[in-house]
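Below, each chain spelled out in residue letters.
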Amino acid sequence: MELSLTSWSLPACSLDEAAGIAKVLGIGALDLGYFFGPALDKAALLAEPERVAERVLGLGVDLPNLYHLFGHSLSDRNLADRRNLERNLADFRQVVRFCAAASIPTVFVLPGVVNAGQSRRDAFAQSAESLARLVPIAEEAGVTLTIEPHVHSYLESPALVLDLLDQVPGLKLTLDYAHFTCLGWRQDEIDVLAPYAAHVHLRQSKIGELQTKLDKGTINIAAELGILRASGYDGRLSIEYTFQDYMNSLYDDILTETIRMRDLVRSWQA
């Protein structure tokens, strides 16, 4: 298990600066997305995926994961809304072309939200249908499709996640314990998802707070790393501290917390 850094952790940086910080920190890997200063140009990626891939390959770091958001928010063009399916499929074909050209092994998307007129189970059923259409597109390109269960999605319990994985063969997880911890799930209840992880986000959390300082949260990071190793996980551990208004994640020193998490992981591995 090796480390990565999420580009959206560094909102004031350019993409080259974010890659440079990953190198300076000895991490040497960067997850990519469409947000803040280090953002990829999504329109350009969808129009000319190989050209954008050539650009990111020049960053000089490993690129383990792309965070693809279909719309412009958690709800816009989300996978639990049937009206979005054909447009999302068309976009995703371009996304996996980009990932294949840039040697990015995994892409993560969000599962969707409970839309107007839906129940949680309605959202689940439509999202499962959408994801079942996306998985073979990713597989054909040699890319692994993952979802990140998150706060405010329809997928807010480990049991529902397991149900979805059972219904959509080939689907994997970008696993972030923090999204469950802040909702009150015990860590041993989250551990059951570790065997399905193809990518992992690391940050500290506690009930009611998606993100907090390493010494103020309740996630036992060493125990999490042990569960992942025992489950056979050998992918990236992407440190994902953020500075954004989502879930009030505005009050941490991103660089300090990133270094603390890096050092904790290295100490555990040693």
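The numbers attached to residues start from 1 for each chain and follow its sequence in the written order. At least 70 in pLDDT is required for a residue's local features to be given in this predicted model, at least 80 for side-chain atom pairs to be given and counted, and no such filter applies to totals for whole chains, interfaces and linings, which use all residues. By convention in this description, side-chain values take in all heavy atoms of the structure and omit both hydrogens and water.

Visitor: In this structure, what is going on with the sheet that holds strand E1 (residues 2–6)? I would like to understand it.
Guide: Think of a sheet as strands paired side by side through backbone hydrogen bonds, with each pair either parallel or antiparallel. Only when DSSP finds a minimum of two bridges between them are two strands counted as paired. Helix and strand assignments follow DSSP, with helices taken as H or I runs no shorter than four residues and strands as E runs no shorter than two, numbered in order from the N terminus. Reading across from one edge, E2-E1-E10-E7-E6-E5-E4-E3 is the order of the 8 strands in this open sheet, with parallel pairing throughout. Looking at which strands have only one partner, the edges of the open sheet turn out to be strand E2 (30–31) and strand E3 (65–67). Bridging between strand E4 (residues 106–109) and strand E5 (residues 144–147) involves 4 bridges; their strand directions are parallel. Within the sheet, the bridge partner assigned to Val109 lies in E5 and is Ile147. Here, residues are in contact when the closest pair of their heavy atoms is within 4.5 Å. Interaxial angle, 0 to 180 degrees, is taken between N-to-C directions of lines fitted to C-alpha atoms, where a helix line uses only the stretch in contact. Strands in contact with helix H5 (residues 120–140) are E4 and E5; relative to E5, the strand with the most contacts, it is inclined by about 145 degrees.

Visitor: When you look at the packing of helix H4 (residues 85–101) against H5 in this model, what are you seeing that I'm missing?
Guide: Remark: H4 packs on H5, axes separated minimally by 10 Å, with the N-to-C direction vectors making an angle of 25 degrees. Classified by the angle between their axes, H4 and H5 sit roughly parallel to one another. In this structure, the crossing between H4 and H5 has a hand that is right-handed. Here H4 contributes Leu85, Glu86, Asn88, Leu89, Phe92, Arg93 and Val96 to the contact with H5, which in turn contributes Glu129, Ser130, Arg133, Leu134, Ile137 and Ala138. Any angle from 65 to 115 degrees is called roughly perpendicular, while one under 35 is roughly parallel, one over 145 is roughly antiparallel, and all others are oblique. Take the far helix as your reference; a near helix turned counterclockwise from it by less than a right angle gives a left-handed crossing, and one turned clockwise gives a right-handed crossing.

Visitor: Got a minute to help me understand the nonpolar core in this structure?
Guide: Where a protein is soluble and globular, its nonpolar side chains tend to be buried together. Throughout this description, the term nonpolar core refers to a set of buried Ala, Val, Leu, Ile, Met, Phe, Trp, Tyr and Cys residues connected via side-chain atoms within 4.5 Å. Throughout, exposure labels follow a simple rule: accessible area from a 1.4 Å probe, protein chains only, divided by the maximum for the residue type, with under 20% read as buried, over 50% as exposed, and the rest as partly exposed. If you look at the biggest cluster of nonpolar residues, it comprises 83 residues, and the most contacted ones within it are Leu32, Leu66, Phe92, Phe98, Leu131, Leu145 and Leu164. Top contributing element to this core by residue count: H5, with 8 residues. Trp8, Tyr67, Phe108 and Leu110 belong to the second-largest nonpolar core, a separate cluster that totals 5 residues.

Visitor: I keep staring at the pairing of strand E9 (residues 209–212) and nothing clicks. Help me out?
Guide: Looking down a regular strand, the side chains alternate between one sheet face and the other. Examined bridge by bridge, strand E8 (residues 204–206) and E9 share 2 bridges and lie antiparallel to one another. Note that in E9 the partner of Gln204 across the bridge is Thr212. Where E8 folds back on E9, the antiparallel hairpin that results is connected by 2 residues, among which Gly208 adopts a positive phi of roughly 85 degrees.

Visitor: Just checking my understanding: could you explain the packing of helix H3 (residues 49–57) against H4 for this structure?
Guide: Two quantities define a packed helix pair, namely the angle between the axes and the distance from one axis to the other. Put simply, H3 and H4 touch, their axes get as near as 8 Å, and they point 35 degrees apart. Where H3 crosses over H4, the two elements pack in a sense that is right-handed. Only Gln94, Arg97, Phe98 and Ala101 of H4 make contact with H3, whose side of the interface consists of Pro49, Glu50, Val52, Ala53, Val56 and Leu57. In the contact of H3 with H4, the residues fall into 7 nonpolar, 1 polar and 2 charged. Polarity classes work like this: nonpolar for Ala, Val, Leu, Ile, Met, Phe, Trp, Tyr, Cys and Pro, charged for Asp, Glu, Lys and Arg, and polar for all others, with Gly in that last group.

Visitor: How should a nonpolar patch on the surface be read in this particular structure?
Guide: There is a patch of nonpolar side chains on the surface, built from Leu162, Val192 and Tyr196 and spanning about 220 Å² of accessible area. Relative to the helices and strands, Leu162 resides in helix H6 (residues 158–167). Judged by relative accessible area, Leu162 falls into the partly exposed class, the value being 30%. Each patch is built from salt-bridge-free residues with over 30% relative accessible area, joining like charges within 9 Å and nonpolar side chains (Val, Leu, Ile, Met, Phe, Trp, Tyr) within 5 Å. Accessible surface area values rest on a Shrake-Rupley calculation with a 1.4 Å probe, where residue burial reflects the displayed protein chains alone. Here a salt bridge means any side-chain nitrogen of Lys or Arg lying within 4 Å of a carboxyl oxygen belonging to Asp or Glu.

Visitor: It is not clear to me how the side chain of Ser130 should be interpreted in this structure. Could you clarify?
Guide: For Ser130, the position within the fold is in helix H5. Aside from chain neighbours lying at most four places away, what touches Ser130 is Leu79 and Leu85.

Visitor: It is not clear to me how helix H1 (residues 15–24) should be interpreted in this structure. Could you clarify?
Guide: Note: α-helices contain 3.6 residues per turn, so residues at a spacing of three or four share the same orientation. The set of residues buried in H1 consists of Leu15, Ala18, Ala19 and Ala22. The buried residues of H1 occupy an angular sector of 100 degrees when the element is viewed end-on, so they sit on one face. Following H1 by one or two positions, Gly26 has its phi on the positive side, about 75 degrees. The directions considered for the arc run from the helix axis to the C-beta atoms.

Visitor: Where do I start with the packing of aromatic side chains in this structure?
Guide: Each aromatic ring pair is characterised by the separation of its centres together with the angle its planes make. For Phe, Tyr and Trp, rings pair up if their centres lie within 6.5 Å, where Trp contributes its six-membered ring, and each pair is then called stacked (planes under 30 degrees apart), edge-to-face (over 60) or tilted (otherwise). A complete count under the given rule lists 6 aromatic pairs for this structure. Ring centres of Trp8 and Tyr67 lie 5.5 Å apart, and the angle between their planes is 65 degrees; on these two criteria the pair is classed as edge-to-face. Taken as a pair, Trp8 in the loop between E1 and H1 and Tyr67 in strand E3 lie far apart in primary sequence, 59 residues in all. Here the two residues Trp8 and Tyr67 agree in accessibility, since each one is buried. Residues Trp8 and Phe108 carry aromatic rings whose centres are separated by 6.5 Å and whose planes lie at 65 degrees to one another, so their mutual orientation is edge-to-face. Here the residue Trp8 occupies a position in the loop between E1 and H1, and Phe108 occupies one in strand E4, the gap between them amounting to 100 residues. Of the two residues examined, Trp8 and Phe108, each falls in the buried class. Over a ring means this: the NZ of a Lys or the CZ of an Arg is within 6 Å of the ring centre and within 35 degrees of the ring normal. The ring centre of Phe124 lies 4.8 Å from the NZ or CZ of Arg121, which sits over that ring.

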